[in-house]
Amino acid sequence: MRNRLFALAAIARAVAAPIAAQAQTTGPAGGSTVVIGEHEGIAADQRPAFREYIARERVPNYTIPDRVTVGGVLPEAGVTYYDVPQSFAMTPYRYTVVNGQTVLVEPRSRRIVQVVD
């Protein structure tokens, strides 16, 4: 029975490896890697409409001294995060505008997972 469980676990890992390889991998040089699937962020064809939405909502721009990059961590205080409307994406992430750039952020770690360009 134990051998069957190990065999099933090995098969599951083998099947999952190609799926994980298709995920978008980005991150800062020398830092930890952030992996988000294409379905988790703002899709390329929805980005112009999403930027228009941000402009209409007049989301405040926060200025930080650091460069805005995927994998960067935003300050603990002073930044407000907003829910992404379901019409743009079903995502566990929040968005904000930092240094003039709209970013998706993992809310618990405050790590930037996508810069919406």
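Right above here is the structure, for reference.
In what follows, the accompanying structure is described. (Residues numbered from 1 in each chain as written. Predicted model: local features only at pLDDT ≥ 70, side-chain atom pairs only at ≥ 80, totals over all residues. Heavy atoms only, no water.)

### A closer look at the nonpolar core
The condition is simple: Side-chain atoms within 4.5 Å are what join buried Ala, Val, Leu, Ile, Met, Phe, Trp, Tyr and Cys residues into a set we call a nonpolar core. Only protein chains enter the accessibility calculation, which uses a 1.4 Å probe; a residue is then buried when its area is under 20% of its type maximum, exposed when over 50%, and partly exposed in between. Helical segments are the DSSP runs of H or I of at least four residues, strand segments are the runs of E of at least two, and each set is numbered from the N terminus.
Counting 14 residues, the largest nonpolar core has Ile42, Phe50, Ile54, Val84, Tyr95 and Leu104 as the members making the most contacts within it. Every element with two or more residues in this core is listed here: α2 (47-57), β5 (94-98) and β7 (111-116). Core analysis: the second largest hydrophobic core is formed by 7 residues, Ile64, Val68, Val103 and Val105 among them.

### Considerations on the packing of aromatic side chains
The test is simple: Working definition: a ring pair exists when centres of Phe, Tyr or Trp rings (six-membered ring for Trp) sit within 6.5 Å. Plane angles under 30 degrees give stacked, over 60 give edge-to-face, the rest tilted.
Under the definition given, this model contains 6 aromatic pairs. Measuring from ring centre to ring centre gives 6.3 Å for Phe50 and Tyr53, while their planes differ by 20°; the resulting arrangement is stacked. With Phe50 and Tyr53 both in helix α2 and 3 residues apart, this pair spans about one turn of that helix. For Phe50, a relative accessible area of 0% gives the class buried.

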